[in-house]
Amino acid sequence: MTKRSTTHATFVIEREYAHPPAKVFAAYADPKKKAKWFVGPEDWEKSNHKLDFRVGGKESVSGGPPGGPVHYYNGEIWDIVENERIVIGYDMHLDQTRISVSLGTTEIRPNGAGARLIYTEQGVYLDGYDDAGSRERGTRELLDQLETFLNT
Amino acid sequence: MTTTHASFVIERTYPTAPPRVFAAWADPEAKRAWFVEGEGWEIQSYELDFREGGTERSQFRFLKGEETFGEKTVFGNETVFNEIVDNERIIFTYSMDRNGVRFSISLASVELKPAGGGTRLIFTEHGAFFDGADGVKMREAGWRELLDKLDAHLAANA
């Protein structure tokens, strides 16, 4: 029987992009665009990214290092304010084990000619899974990939 | 458009074993009795599909809406259950809206642990509140009231 335990944690990441809010928002809203940057590291084996961008719509993607465990991301969109805010609730599984449930808020604000992005993730890590900061590191990498995508 | 993020934890001990406390969350009739029914509210709809991926939806009219908000006021709640571990843990995501306008999204976990012959319940909520910084205080007060009502419900149905 699994010993049940929870660890609750919140982190915030802020970024400034030299692109207007509408362009940053579109990188989240357009499934073809989001699939370009919302992906794991280059050497990972990956599934197709799926996104139905509307309140109540689902998002999913999975992947992992060759021979390693598969990370499954399954999200649901809870709130959309065009060009301003997106709230997604999501579960992560490592193979068959649910390791976390999170609520991620992406806020986009005008910042000169560009945009300031504030991502807040509130989550619960389950049954002794030791995140040790890897979720925040992974999210920072994704936001780097978003910047590279916006710049190309 | 401002968003306030906040979290709170409430702990309670009930003189009732975990399976009965869990049942009060899992059974639609029991849950309705302590979670939805209440003085000052008119329940317009309530449904509970208690399984992982299942939803709970309710709409309830606040009878003092006119004097509090200056208009007829209907609140709506929509919940999706992320994880259910029988008798031990429930994790869910939920939204609240007032007259069709969403004002918060939250992630909540309910943990049940045996404590003597009873149960220690730990409720943790993380929320994104869109209607100002007071939102979390009202939410925490609301859940404290609900967990009191759960206590009364368990006592009345012992």
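As shown above, the structure is provided for reference.
Residues numbered from 1 in each chain as written. Chains lettered and ligands numbered in written order. Predicted model: local features only at pLDDT ≥ 70, side-chain atom pairs only at ≥ 80, totals over all residues.

J.: Requested: an account of the sheet that holds strand S3 (residues 55–62) of chain B, with residues and values cited.
T.: All names here are of chain B. Strand order in the open sheet formed by seven strands is S1-S7-S6-S5-S4-S3-S2, with antiparallel pairing between adjacent strands. A single partner strand is all that each edge strand has here, and the edge strands are strand S1 (4–14) and strand S2 (41–48). Here the average twist between neighbouring strands, direction ignored, is 15 degrees. Against the sheet, helix H2 (residues 28–36) touches S2 and S3, its axis set at about 150 degrees to S2. Sitting on the sheet, helix H4 (residues 135–156) touches S1, strand S6 (101–115) and strand S7 (118–129), and the angle it makes with S1 is about 20 degrees. (Pairing = 2+ DSSP bridges. Helix = DSSP H or I, 4+ residues; strand = E, 2+ residues; numbered from the N terminus. Axes fitted to C-alpha atoms, helices over the stretch in contact; angles between N-to-C directions. Contact = placed C-beta atoms within 7 Å.)

J.: Which residues make up helix H1 (residues 18–26) of chain B, and what are the values?
T.: Residues and elements named next belong to chain B. Those residues of H1 lying buried are Val21, Phe22 and Trp25. The buried residues of H1 all sit within an arc of 100 degrees when viewed along its axis, so they share a single face. Buried positions along H1 lie against S1, H2, strand S5 (89–98), S6, S7 and H4. (Buried ≥ 20, exposed ≤ 12 C-beta atoms within 10 Å, placed from the backbone. Arc of directions from axis to C-beta.)

J.: How would you explain the packing of H1 of chain B against H4 of chain B if you had to name every residue and give the values?
T.: All names here are of chain B. Running from N to C, H1 and H4 cross one another at 115 degrees; their axes reach a closest spacing of 11 Å. In the crossing of H1 with H4, the sense of the turn from one axis to the other is right-handed. Counting all contacts with H1, which are made through Arg20, Val21 and Ala24, the residues of H4 involved are Leu150, His153 and Leu154. (Left-handed = near helix turned anticlockwise from the far one by under 90°.)

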